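Here are the chains, one letter per residue:
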Amino acid sequence: MTWRPRPLGQLEAAERTRRRFARRQRLRRWQVWRRVLVAVLVLVLIGTGVWLAYFSSVLAVAGVAVHGADQVSAVQVRQAAAVPAHTPLLRVDLDSVRRRVEGLAAVRSARVTRQWPDEILVSVQERAAVAVVDLGGSWRGMDSDGVVFREYDQAPATLPRVRVVGDAGRDALREAAQVVSALPEDLASRVDHVDVQTVDQISLVLRDGRVVVWGSAEQSDDKASVLAALLKAREARRYDVSVPGQPVTSD
């Protein structure tokens, strides 16, 4: 068997095939390395981000902004918040900050958020007084939850006064606050003060000296309607609307 040289066309075709194969091999190797490089780059970026967010001073607390504070000062809110300076923002326990701020008597609720790149924002909702309570000779503001939270030099003329009779506790004050909050404006303007003994022994003393036995805060809307009708229908020294379906009057 004798050797015969391949035609030139076959040699060129074989060379093109070899080159295509080599190119495919190089492409496969590049794709593998590209995946590796991308994975390494992603890990580096993630690691850098974690370091910046959790451990570096780049995104650390530089200040605490306070919104909504009126009765309490921004300084008092910051002191209560006790946000550690220069701590990375992501490491600040927002719930703990919120609970500390809500520990202020005048603060009803608080919301704490991160303000990138370097600030904590504390937004407070303060308590609103619905009445003033005479406690130990000083006038204290009370909100609709019965929380006593501020002091007045004099009782504001625009707020009903609540007088504690006996050993009325926190629950009784809360009930009295609910009664005051439920009074319609025309009736509230005629009330001189509210006497509270227990949760179901609450009375209104009108400006002309007449007494209204109110009972608890339950059915306050019905009690107000019944009392309005009684005040128009009959002059009496004492009105009992504790059971609005069976009101009683006496001289």
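Source: prediction; values computed, not measured. (Residues numbered from 1 in each chain as written. Predicted model: local features only at pLDDT ≥ 70, side-chain atom pairs only at ≥ 80, totals over all residues. Heavy atoms only, no water.)

A closer look at the overall build of the chain
Working step 1: The helix and strand tally for the chain stands at six helices and twelve strands.
Working step 2: Buried positions account for 34% of the 251 residues belonging to the chain.
Working step 3: Of the contacts formed within the chain by residues at least 6 apart in sequence, a portion of 46% connects residues at least 24 apart. (Helix = DSSP H or I, 4+ residues; strand = E, 2+ residues; numbered from the N terminus. Buried < 20%, exposed > 50% of the residue type's maximum accessible area, 1.4 Å probe, protein only. Contact = heavy atoms within 4.5 Å.)

With respect to the packing of helix H2 (residues 74–81) against helix H3 (residues 94–102)
Working step 1: Packing of H2 against H3 leaves a shortest axis separation of 8 Å and a crossing angle of 130 degrees. Comparing their axes, H3 and H2 come out oblique. Where H2 crosses over H3, the handedness of that crossing is right-handed. Contacts between H2 and H3 involve Val-77, Ala-80 and Ala-81 on the former and, on the latter, Val-97, Arg-100 and Val-101. (Axes fitted to C-alpha atoms, helices over the stretch in contact; angles between N-to-C directions. Parallel < 35°, antiparallel > 145°, perpendicular 65-115°, else oblique. Left-handed = near helix turned anticlockwise from the far one by under 90°.)

Overview of the sheet that holds strand E2 (residues 107–115)
Working step 1: If you trace the three strands from one edge of the open sheet to the other, you get E1-E3-E2, paired in mixed fashion. Looking at which strands have only one partner, the edges of the open sheet turn out to be strand E1 (63–67) and E2. With direction set aside, neighbouring strand axes in the sheet form an average angle of 20 degrees.
Working step 2: Bridge count between E1 and strand E3 (residues 119–126): five bridges; the pairing is parallel. Looking across to E3, one finds that Gly-63 is bridged to Glu-119.
Working step 3: Against the sheet, H2 contacts E1 and E3, and its axis sits at roughly 125 degrees relative to E1. (Pairing = 2+ DSSP bridges.)

Notes on the pattern of salt bridges
Working step 1: Under the counting rule described, the total for this entry stands at ten salt bridges.
Working step 2: With a closest N to O distance of 3.5 Å, Asp-143 and Arg-108 form a salt bridge. With Asp-143 in the loop between strand E5 (138–142) and strand E6 (148–152) and Arg-108 in strand E2, this residue pair connects regions lying 35 residues apart in the sequence.
Working step 3: Among the residues examined, Asp-143 registers a relative accessible area of 1% and is labelled buried.
Working step 4: Where Asp-143 meets Arg-127, a salt bridge forms, and the shortest distance between an N and an O atom there is 2.7 Å. Of the two residues, Asp-143 sits in the loop between E5 and E6 while Arg-127 sits in the loop between E3 and strand E4 (131–135), which places them 16 residues apart along the sequence. (Salt bridge = Lys/Arg side-chain N within 4 Å of Asp/Glu carboxyl O.)

Some thoughts on helix H4 (residues 170–182)
Working step 1: The end-to-end C-alpha distance of H4 is 19 Å, a good match for the 18 Å that 13 residues give at a rise of 1.5 Å each.
Working step 2: Every buried residue of H4 is accounted for by Ala-172, Leu-173, Glu-175, Ala-176, Ala-177, Val-179 and Val-180. (Expected span 1.5 Å × (residues − 1).)

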